[in-house]
Structures are given as C-alpha cells and as structure tokens.
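# An overview of the molecular structure
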Amino acid sequence: MGPLVGVMCFLGAAIAWAFFAFQPEYANKRALSVFNWSVLGAGSMIVLALMFNIDMFLNMIPDAGKYKIGFEFAGALGVEVIWLSIMFLLRNFWIFKPPRRPGGWG
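Let us look at the structure shown here. Bear in mind that the values here come from a model prediction, so they are computed numbers and not experimental data.

A word on the nonpolar core. In this structure, Phe 19, Ala 27, Leu 32, Phe 35, Val 39, Leu 84, Met 87, Phe 88 and Phe 96 together form the largest nonpolar core, which totals 9 residues. Counting residues in each nonpolar core, the second largest holds 5 residues, with Val 5, Met 8, Ala 74 and Val 81 among its members.

The subject of this paragraph is a nonpolar patch on the surface. A contiguous nonpolar patch, built from Ile 82, Ile 86, Leu 90, Trp 94 and Ile 95 and spanning about 500 Å² of accessible area, is present on the exposed surface. Residue position: Ile 82 is located in helix 3 (residues 65-95). Assessed through its relative accessible area of 54%, Ile 82 is described here as exposed.

Let's shift gears to the environment of Phe 73. Position of Phe 73 relative to the elements: it lies in helix 3. What makes Phe 73 partly exposed here is its relative accessible area of 47%. Along the sequence, Phe 73 and Phe 35 sit 38 residues apart, while their C-alpha atoms lie 25 Å from each other.

Our next topic: helix 1 (residues 2-21). Under the 1.5 Å per step criterion, the end-to-end length of helix 1 is 28 Å for 20 residues, consistent within 8% with the ideal 28 Å. Within helix 1 the residues assigned to the buried category are Val 5, Met 8, Gly 12, Ala 18 and Phe 19. In an axial view of helix 1, the angular spread of the buried residues amounts to 150°, which keeps them on one side of the axis. Those residues of helix 1 that are exposed and aimed more than 90 degrees away from the buried face are Gly 2, Pro 3, Val 7, Phe 10 and Trp 17. On its buried side, helix 1 packs onto helix 2 (29-59) and helix 3.

About the cut-offs
- Residues numbered from 1 in each chain as written.
- Predicted model: local features only at pLDDT ≥ 70, side-chain atom pairs only at ≥ 80, totals over all residues.
- Heavy atoms only, no water.
- Core = buried A, V, L, I, M, F, W, Y, C linked by side-chain atoms within 4.5 Å.
- Buried < 20%, exposed > 50% of the residue type's maximum accessible area, 1.4 Å probe, protein only.
- Patch = residues over 30% accessible without salt bridge, like charges linked within 9 Å, V, L, I, M, F, W, Y side chains within 5 Å.
- Areas by Shrake-Rupley, 256 points an atom, 1.4 Å probe, with all protein chains shown as cover.
- Salt bridge = Lys/Arg side-chain N within 4 Å of Asp/Glu carboxyl O.
- Helix = DSSP H or I, 4+ residues; strand = E, 2+ residues; numbered from the N terminus.
- Expected span 1.5 Å × (residues − 1).
- Arc of directions from axis to C-beta.
- Contact = heavy atoms within 4.5 Å.

Listed below in structure tokens is the structure:
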C-alpha cells in the first residue's frame, strides 16, 4: 500500500502544480480565481464523502483497521487526480476557452 500512496502523492502534486501553473491568460482573473476556489471546495467535499464512506465500510469488516488509513489516502489522492484533471481540461478548453482567431479553422 505504501508504494501506491507514494506514487499517488507524486501524481497528485504534479496535477495540482499543473492546475495552478497553466491558467488561461486571457480569462478574467477574478472569475478564474472564483472558479479555482470552487473547484478546490467541491473536490474537498467529494474527498471527505469518500473518506467517510471508506471509514464506514471498513468499520464493518473485522481486522481491517490497519488498512483504513492507506485506503483513505489512496482514495483521496485518486479523487484529487481525476477531479483536478477533468476540471483543468474543462477550465482551459471549454469554460475559459481561447478567443477565436479571424480566418481560422474553428
């Protein structure tokens, strides 16, 4: 379980760095800030719900307490990676999409 959590920590840190480093420069800074904080808040609520679900599920299984923290960390980091990746793509290419160039293809 340890190597999985380590890989997920590295991947989660890389995705979080990319989410904040590659922001669209043509977007309204205030709207972009509100969107970024909303994404973090919604992601935190999803992670908390998942952690409570894992906690309740593993409490029903005897002798599963030693795996609880590992599963919670791996699940939380997995949700973070998926959530921030999807929101990164939506933010940069759909919600705050670049302006169209005249005479371009699209």
